Amino acid sequence: MGTGVPTSEQTSCAKGDPQVYCPEDTGGTEGVQVTDCEIPEESPSQNELSYSNPEDSGQLMASYEGKAKGYQVPSFGWRICLAHEFAEKRKPFNANDISLSNLIKHLGMGLRYLKWWYQKTQVEKKKPFIDLINCVPLRQIYGCPLGGIGGGTITRGWRGQFCRWQLNPGMYQHRTVIADQFTVCLRREGQTVYQQVLSVERPSVLHSWNWGLCGYFAFYHALYPRAWTVYQLPGQNVTLTCRQITPILPHDYQDSSLPVGVFVWDVENEGDEALDVSIMFSMRNGLGDGDDTPGGLWNEPFCLERDGETVRGLLLHHPTLPNPYTMAVAARLTVDTTITHITAFDPDSTGQQVWQDLLQDGQLDSPAGPSSPSQKGEGIAGAVCVTGKLPPRGRCRLEFSLAWDMPRIMFGAKGKVYYRRYTRFFGSGGDAAPALSHYALCQYPDWEERISAWQSPVLDDRSLPAWYKSALFNELYFLADGGTIWLEVPEDSLLEELAGNMRQLRPLLTEYGRFGYLEGQEYRMYNTYDVHFYASFALIMLWPKLELSLQYDMALATLREDLTWRRYLMSGVMAPVKRRNVIPHDIGDPDDEPWLRVNAYVIHDTADWKDLNLKFVLQVYRDYFLTGDKGFLRDMWPVCLAVMESEMKFDKDQDGLIENGGYADQTYDAWVTTGPSAYCGGLWLAAVAMMVQMAALCGTQDVQDKFSSILTRGQEAYERLLWNGRYYNYDCSCQPQSCSIMSDQCAGQWFLRASGLGEGETEVFPTPHVIRALQTIFEFNVKAFAGGAMGAVNGMQPHGVPDRSSVQSDEVWVGVVYGLAATMIQEGLTWEGFQTAEGCYRTVWERLGLAFQTPEAYCQQRVFRSLAYMRPLSIWAMQLALQQQHKKTSRPTAEQGTGLSTGSKLRPKETMANPSPE
């Protein structure tokens, strides 16, 4: 290999892939009938959930042969040995996975989609918002992403590779950049005794470097927004612990926006000899793709001294239009460390010069001045090295940061320039990378204190199972890595004629900015509202101002219209892009011009969807309930009235209950629903009940009476038409699936209870019916599906066979399952709720290898669909349900309340005819 490291340090690993290297002295080591559902006589109590092993990772750590536990690695989180291989290799859902009957149903849609796809990709040279032809392939490699909210993200895989990039807003590149690595060098008495790239890979480039770390002696541990990688260096009596930190800080609207990550290396010496230890962080300028080809990329060293702290590193300038950026690889200088660098090397070469430079003395040459710009077709990379003294039986710390400064961005249509949120604090001149690096390296201890204070109450709660603690925090990755954008909003950009009636709109958007996240990394639409309905719990609980900002954006879009006609792919019908006074499906495609052009979704005309308007009303009231923001409620009230008026037309027989239209007219956009239905009918009744509450709060008695009358009639119709004694029927069609058991049938009740309603005087659905329905779902959709180990299937026939009437009815939707589990907890079925949700976590994170890319859906066998999806953020609804349950049981009965005082049924005593902003 030409590494210059003694041969004894390069012998092959005793186990696993023969290409992995480590010293030789470290080896060795059928159908079910519906029956009466009763609560199990001896259901485990919530406290019995505490018997989970804190470090229970299934089989993910079975390959680990090391003894090192790392430096201050927490007990709870997602842990995996770097040598682990997932046995199950699934594939993305495609046309070959559709049954013949469903294929025939969707033949017209398929042909129209192919024509649209060709126009988009071959004529317009754009990326489809959903690419059913080129799905993202399975890569079981991802770990915690770096970067705060809205400034772009870089995902570092659990084996250490930098492998998923979202620098241009909303657009992903799934590419492992080989030159982006950490390398360790150990020296004893002036001689290099060990030098190793901390990667299990053996690439075709940089082959002078010593690759092939033995994965059996290393593990990764994720508890977002932090992650730990522990390397036990074979034969060296040295353990490295790399701690990765990103400033994801609830209720913080400054540092949470920063495009930075910090790597803290704690090096422990278990031997009796002193060592010099060096960590080299190498980074390619760009990703080695088409954006780099024109050349003109260049690097330069920098040093920033401020407030007694010195940070040194490299700036990697990437001036490619339309979104130029600068990457900064940096380190903090201390009295015990030395920082050196190499400004430029060829990442596509053998890497001999860099390797020998480090090998010679554990440092790099540190040439002065900038590099020459790269030539067309050539790559350029740089590296920063930190060296410290490691005493016998001692420890030393080496600190790195990675920052990127892309302050001004344009979306795909290149129609307008936007400024990212962090520019409010670090400027928009494109020269902030050194300051970002310095700030991150000085502030990360404070970030960690705040992260611990936020997470500790959950982690220390012995009544909660270990898997839940991992899932709750690790699923939050999507808030930053969901193609997320957080933009500044200039005051003059808000249209007066639309914003004039919303007093808080202008101050809130100008103070907290504009927020957008994708439906999924493969489903590229911002703020898809029928899905945000589920995911929104994470925002409203952790960054409530961003949730309110998103709601104002939705309200603005609702009042607008776009009468451009287009053909919808499912029906083939021509209809406008956006009608006034209906909630848009989404706020737009990042490859177009989001916010200016909404409804990138062209499969259905969602103006006729039955759930979108209702979900707006439900979220508005829930957001008011959880924030107490009366000004927000006042601003939203006219919009709620408008969308409910639009919704009224779907109650064709005036019985107080809306009817679905005989096609897939809701979030289950391939599952046909006809007539009154459990899902949309339940959402409707919940929304009507909340309109009664809001009308009382706003002092509009006539509106309150109107919706009270609708509610009374609608409740009677819903129970009469849909309740069968055990659960609510899927819909009222004459099809066999009409009596399917839908896992999501209690969604309306879920939101009522989350908003302090739905029981006692504010009961909408009879509590015995709700509990009976949830028990039926648990018995059939959960326990009778895949042995109860995969969550709840969307639809189950009453004889215990999954409903295969559509391509979605026999799927498991992870976000729906977490919402279902929250509903169970709300209704006192806590054990059942945790059992239901655990199946999804175990399947996604431990069996299928889909960590940090939780899909929208998977089937019992073979396939998954839509990786890295928004909806699973609904796990935070489980946490809200637990918190509300705790508050209720810890207060005296007379003090139990939800922030809303109620008198007679659905009639709050307190009104606010003229509410004012708080």
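Residues numbered from 1 in each chain as written. Predicted model: local features only at pLDDT ≥ 70, side-chain atom pairs only at ≥ 80, totals over all residues. Heavy atoms only, no water.

### Some thoughts on the overall build of the protein chain
Our working definition: Runs of E in the DSSP output that reach at least two residues are strands. Runs of H or I that reach at least four are helices, and both are numbered from the N terminus. Any residue under 20% of the maximum accessible area for its type is buried, any over 50% is exposed, and the rest in between are partly exposed; the area is computed with a 1.4 Å probe on protein chains only. Areas reported here follow the Shrake-Rupley algorithm with a probe of radius 1.4 Å; residue values treat only the protein chains shown as occluding.
Secondary structure summary: the protein chain contains 20 helices and 32 strands in total. By residue count, 65% of the 918 residues in the protein chain fall in the buried class. With an accessible surface of roughly 31,800 Å², the protein chain has 49% of that area assigned to carbon and sulfur atoms.

### Here we look at the sheet that holds strand 1 (residues 78-81)
In plain terms, the rule: By the convention used here, strands pair only if DSSP detects at least 2 bridges between them. Only the contacting stretch of a helix is used when fitting its axis, a line to C-alpha atoms as for every element, and angles between N-to-C directions run 0 to 180 degrees. Contacts are assigned to residue pairs with any non-hydrogen atoms lying within 4.5 Å of each other.
The nine strands are arranged 1-9-10-11-12-19-16-15-14 in an open sheet whose pairing can be described as antiparallel. Because the sheet does not close on itself, it has two edges, and the strands there are strand 1 and strand 14 (298-306). In this sheet, neighbouring strand axes are inclined to one another by 15 degrees on average, regardless of whether the strands run parallel or antiparallel. With six bridges connecting them, strand 16 (residues 325-333) and strand 19 (residues 395-405) associate as antiparallel partners. For Val329, the partnering residue across the bridge sits in strand 19 and is Leu402. The sheet contacts of helix 5 (residues 433-459) involve strand 9 (218-223), strand 10 (226-233), strand 11 (238-245), strand 12 (260-269), strand 14, strand 15 (309-318), strand 16 and strand 19, and relative to strand 19 the element is tilted by about 110 degrees. Across the sheet, helix 6 (residues 466-474) lies against strand 1 and strand 9, angled at about 70 degrees from strand 9, the strand it touches most.

### Comments concerning the nonpolar core
For the record, the criterion: For this analysis, a nonpolar core means a set of buried residues of the types Ala, Val, Leu, Ile, Met, Phe, Trp, Tyr and Cys, connected via side-chain atoms within 4.5 Å.
One finds Trp78, Trp265, Leu402, Phe616 and Trp876 to be the most contacted residues of the largest nonpolar core, which totals 283 residues. It is helix 14 (residues 678-697) that contributes the most residues to this core, 16 residues altogether. Leave out the neighbours within four places in its chain, and Leu402 touches Leu146, Ile154, Phe162, Pro259, Val260, Gly261, Phe263, Phe281, Met283, Met327, Ala328 and Val329. Listed in part, the 17 residues of the second largest apolar core include Ile178, Val197, Val354 and Leu364.

### Regarding helix 13 (residues 630-647)
Note the cut-off: Every helix has an expected span of 1.5 Å times one less than the residues it contains. Distance and chemistry together define a polar contact, namely a pair of N or O atoms within 3.5 Å, with one atom able to donate a hydrogen and the other to accept it when in protein, and with adjacent residues in sequence counting only for side-chain atoms on both sides.
With 18 residues, helix 13 should cover 26 Å at 1.5 Å per step; its first-to-last C-alpha distance of 25 Å lies within 8% of that length. Structurally, the start of helix 13 carries an N-cap: the backbone nitrogen of Gly631 is 3.1 Å from a side-chain oxygen of Asp629.

### Regarding the packing of aromatic side chains
Definition in use: The aromatic pairing rule takes the rings of Phe, Tyr and Trp, using the six-membered ring of Trp, and pairs them if the centres are within 6.5 Å, calling planes under 30 degrees apart stacked, those over 60 edge-to-face and the rest tilted. Throughout this description, the term charge over a ring refers to an Arg CZ or Lys NZ atom that lies within 6 Å of the ring centre and within 35 degrees of the ring normal.
Inspection of the entire model under this criterion finds 61 aromatic pairs. Put simply, the rings of Trp78, Tyr220, Trp467, Tyr468, Tyr477, Phe478, Phe515, Tyr517, Phe834, Tyr841, Trp845 and Phe852 pair up and form one aromatic cluster. The ring of Phe650 carries Lys610 above its face, with NZ or CZ at 4.4 Å from the centroid. Its guanidinium or amino end placed over the ring of Phe537, Arg622 lies 4.6 Å from that ring's centre, counting from NZ or CZ.

### Some points on the pattern of salt bridges
Counted only if it meets this: Here a salt bridge means any side-chain nitrogen of Lys or Arg lying within 4 Å of a carboxyl oxygen belonging to Asp or Glu.
Counting across every chain of the model gives 44 salt bridges. Across the pair Arg753 and Glu827 runs a salt bridge whose closest N-O atoms are separated by 3.0 Å. Here the residue Arg753 occupies a position in helix 16 (residues 747-754), and Glu827 occupies one in the loop between helix 18 (814-826) and helix 19 (830-847), the gap between them amounting to 74 residues. Note on accessibility: Arg753 and Glu827 belong to one class, buried. By sharing partners, the salt bridges in this structure join Arg226, Arg243, Asp266, Arg395, Arg397 and Glu448 into a single network.

### Observations regarding the sheet that holds strand 4 (residues 153-156)
Read from one edge to the other, the open sheet built from four strands follows the order 3-4-5-6, with strand pairing classed as antiparallel. If you trace the sheet from one side to the other, it starts and ends with strand 3 (145-146) and strand 6 (173-174), each paired once. One ladder, built from two bridges, connects strand 3 with strand 4; its direction is antiparallel. When the sheet's bridge partners are listed, Leu146 is paired in strand 4 with Ile154.

### Notes on the environment of Thr673
Mapped onto the fold, Thr673 is located in strand 27 (residues 673-675). As a C-alpha pair, Thr673 and Asn660 span 13 residues in sequence and 5.8 Å in three-dimensional space. Polar side-chain contacts of Thr673 include one of 3.0 Å to the side chain of Gln666.

### Re helix 18
Under the 1.5 Å per step criterion, the end-to-end length of helix 18 is 19 Å for 13 residues, consistent within 8% with the ideal 18 Å. For helix 18, the tally of buried residues reaches 13 of 13 residues, placing the bulk of the element in the interior. Immediately downstream of helix 18, the backbone of Gly828 shows phi near 90 degrees, a positive value.

### Details of the pairing of strand 16
Of all nine residues that make up strand 16, eight are buried, and the element is covered over most of its length. Bridging between strand 15 and strand 16 involves nine bridges; their strand directions are antiparallel. Looking across to strand 16, one finds that Val311 is bridged to Arg332.

### Quick look at unusual backbone geometry
Of note, the bond from Tyr224 into Pro225 is cis; its omega dihedral lies within 30 degrees of zero at 15 degrees. On the secondary structure map, Pro225 appears in the loop between strand 9 and strand 10. The linkage connecting Leu321 with the following residue, Pro322, adopts the cis geometry, with an omega of 5 degrees. Looking at where Pro322 falls in the secondary structure, it is placed in the loop between strand 15 and strand 16. The backbone of Lys125 shows a phi angle near 55 degrees, a positive value even though the residue is not glycine. On the secondary structure map, Lys125 appears in the loop between helix 2 (107-123) and strand 3. Residue class for Lys125 comes out exposed when judged on its relative accessible area of 62%. Even without being glycine, Ala786 reaches a positive phi, approximately 55 degrees. Within the element layout of this structure, Ala786 appears in the loop between helix 17 (767-783) and strand 29 (795-796).

### What to know about the packing of helix 14 against helix 16
Test applied: For classification purposes, angles smaller than 35 degrees are called roughly parallel, those larger than 145 roughly antiparallel, those between 65 and 115 roughly perpendicular, and all remaining angles oblique. Note on residue categories: nonpolar means Ala, Val, Leu, Ile, Met, Phe, Trp, Tyr, Cys or Pro, charged means Asp, Glu, Lys or Arg, and polar means any other residue, Gly included.
Taken N-terminus to C-terminus, the directions of helix 14 and helix 16 make an angle of 30 degrees; their axes are 7 Å apart at the nearest point. Comparing their axes, helix 16 and helix 14 come out roughly parallel. On helix 16, the residues touching Tyr679, Gly682, Leu683, Ala686, Ala689 and Met690 of helix 14 are Ala747, Gly748, Phe751 and Leu752. Class assignment for the residues of the contact of helix 14 with helix 16 results in eight nonpolar, two polar and no charged.

### Describing the pairing of strand 15
Here strand 15 lies mainly inside the structure; eight of its 10 residues are buried. Examined bridge by bridge, strand 14 and strand 15 share nine bridges and lie antiparallel to one another. From the neighbouring strand, Leu304 faces strand 15, where its bridge partner is Val311. Once strand 14 ends, the chain turns through two residues before running back antiparallel as strand 15, passing Asp307 with a positive phi of about 55 degrees. Joining the antiparallel neighbours strand 15 and strand 16 is a turn of six residues.

The values are spatial; any link to function lies outside them.
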